[in-house]
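What follows is each chain in one-letter form.
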Amino acid sequence: MVQSLLTLAPTLLVIAFFLLGPFNWSRHRTWARAVTCALVALIALRYLVWRFTETVLPYPNDGPNFYWVWLVFIVEMLAFSEVVLFLILMSRYVDRSIDANQLGQMFFARKPGDLPTVDVFIPTYNEPLDVLERTIVGALALDYPKDKLKVYVLDDGRRDWLRTFCEGRGAIHVTRSDNAHAKAGNMNNGLAVSSGDFIAVFDADFVPYRNFLRRTLPFFSDETIGIVQTPQHFFNIDPVQSNLGLENVWPDEQRLFFDEIAPSRDGWDVSFCCGSCSIARRKAIDTIGGFPTESITEDLLTTLSMLNKGYKTRYLNERLSMGLAAENLTGYFVQRERWCQGGIQTLYLHNGPLRGPGLSLFQRIMFLPMSWLVQYLVRFTVLVVPIAYLWFGALPLYFTDVGDYLSHQVPVLAAYFLLMLWLTPTRYLPLVSTAVGTFSTFRMLPTVLSSLVRPFGKPFKVTPKGSGNEASAFDAYTFTWIAGFIVVTALGLLINIVPETAHTRGSFSTIAAFWSGLNIVVLVIASLICFEKPRRLLQAFKLDEAVEVDGAAGRLVSLSLDKAVVAVPTETRFRSTRVLLNLEGFAPLEADLKQVTQRRGDITRSGDKRRYYLHLHFDLRGFERDKMIIKLYTGRYSREVPDIDKIAVSVSLLLRAFGRTRVAS
């Protein structure tokens, strides 16, 4: 009993610290973050010292297992280095909204004629009109003097229909003779035909909110600011949310970076441009010779090039735009493989973190692509270690007993998970977050390795978006890898449970069995992401507004560019399926009543029916459609999961896993 308490004591102390300290502190206070991150770093260092002195050095040089022990330890060292950098990064937090308020009052106190000119760049290649129209219309609706604002649609697809659309709306359509240097070359061509003091960049699938310029421009009162970046929010469900069936209880995958990590990077002055939803000083861009073309991630390299010249990047963590997240797994991996390759490319460039002039040592370290280089190798190793032991008896360390393992590794895991739950309470759940990372490993690890060997081997590839991209699919490649690991791990467990076939002995078998079981659970969750679900191109926004349908009062509960859902009392009757929908600010819309439904929550216990839901379809054209785009996409509404519903996540995953198991059988 005493020995058990001593074994668990470090973990219990970690839990007690978080319960008495951080969970009662504000996570946005720098001192609280610094203290907590420092403690977690010390716990991790304690573990690493134990690993090296007690489980690596004592291992005898008696064959291949000796090299396996060292290989696993080197991977852990890499993981430790990434964790330390993450802890240093997250030990600070800054909120620039207060600065935006104060600077904005002074910046916009000047006369409208004295305001700087702004060019909006919308680089595009093959996006369809149903994607581009939102961005173009939204950019033209920015709240800024019209004589100071120009919108440039930089069309590398050289499409006549897009030129016609731009001319009809007042945007400037720009083409060039070739597509050299992809997006960076396209924007450099935009620089040659424009002259604004500032350049705002929105990818073809992002719509700026009307107040974007009013919140970002004031930061440029400081002449050292070269770029202001804002977060990327989405109006659709990303494939991870959708395929796991968690779209209403789990936030999109990029929230962790944009909501939590990016503000901390800004606190250290190592924030970087993410391309879309950013605005830059033209003078700073001219100073670095235009948008860099050496990397397929020109945004990151633009930041590094500006840092070389003494400019800074600021991050304003406010929702000031909305766009399309990758709509399926094909787009998901195209996007992330480009980010990964581009990050690794910077290691080889003259203006990258290793060789770029004017960078401090801290900036060089913080711009190393450590996450890309390390995380997938670590996740792959975590899957392989128990398999190597169960099948070949290959110990990953010189093992003493379970008690030593529990008293050193469990406190590290507990400290890290509790830290993440404190720092990112609405963005992180250990099991699901681990499963998502594991799912990506089988495609991303080859990209990491190929990028290290041939960093410039793959050209820029546009993320597929919009119509023509709706087909649901099945990621057979990733599923095959996941299924293979599940089978090999499960068979390894089974072989060593049966006495006649067991070939592993000793205390580590208990650890290996638990480790394997956890890996199987993670892999099962990851496998669910491989099954793509059908999606709807025009996403609807949930709202609650008064409307009339053929003169009858109702509540508008859902609205998109082609459909409205209106709740009406059950006694409401209509003479025809062709009705008039009266929305504030719009002429009466002719709509087809195609469906009437009820919801479970709208039926009382006595069986009385409270409301009908009318599904009204309409077809808006021209400027009426533009008005609807402005209403829906420029800041009035959003799609957001405010918090993680942990119970709902667990239940949804269980039901989805059970359903897939039944289908497979």
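Basis of the calculations
Residues numbered from 1 in each chain as written. Predicted model: local features only at pLDDT ≥ 70, side-chain atom pairs only at ≥ 80, totals over all residues. Heavy atoms only, no water. Helix = DSSP H or I, 4+ residues; strand = E, 2+ residues; numbered from the N terminus. Buried < 20%, exposed > 50% of the residue type's maximum accessible area, 1.4 Å probe, protein only. Salt bridge = Lys/Arg side-chain N within 4 Å of Asp/Glu carboxyl O. Core = buried A, V, L, I, M, F, W, Y, C linked by side-chain atoms within 4.5 Å.

Participant: I'm lost on unusual backbone geometry in this one. Help?
Facilitator: Most peptide bonds take the trans configuration, and most residues that are not glycine carry a negative phi. Positive phi is not limited to glycine here, since R158 has a value of about 50 degrees. Locating R158 in the fold gives a position in the loop between β2 (149-155) and α6 (160-169). For A182, which is not glycine, the phi dihedral falls at a positive 50 degrees. Mapped onto the elements of the fold, A182 is located in helix α7 (residues 182-193). Classification of A182 by relative accessible area gives partly exposed; the value is 23%.

Participant: Can you help me understand the pattern of salt bridges in this one?
Facilitator: Note that side chains of opposite charge can pair when their charged atoms are close. For the coordinates displayed, the defined rule picks out 27 salt bridges. Among the salt bridges present, the one from R336 reaches E253, with a minimum N-O distance of 2.7 Å. Within this pair, whereas R336 is found in helix α13 (residues 329-345), its partner E253 is found in the loop between α9 (239-244) and α10 (255-267), the two being separated by 83 residues in sequence. R336 sits in the buried class, given a relative accessible area of 9%. Across the pair E624 and K627 runs a salt bridge whose closest N-O atoms are separated by 3.3 Å. Placement of the pair is E624 and K627 together in helix α20 (residues 622-633), with a separation of 3 residues, close to one helical turn. Using a relative accessible area of 26% as the deciding quantity, one classes E624 as partly exposed.

Participant: Please clarify how the nonpolar core should be interpreted in this entry.
Facilitator: As a rule of thumb, soluble globular proteins bury nonpolar side chains together. Formed by 89 residues in total, the largest nonpolar core has its most connected members in L244, L419, F439, I482 and F508. For this core, the element with the most residues is helix α15 (residues 370-392), which contributes 11 residues. Judged by nonpolar contacts, the second largest core, of 70 residues, contains Y144, A171, F202 and L620.

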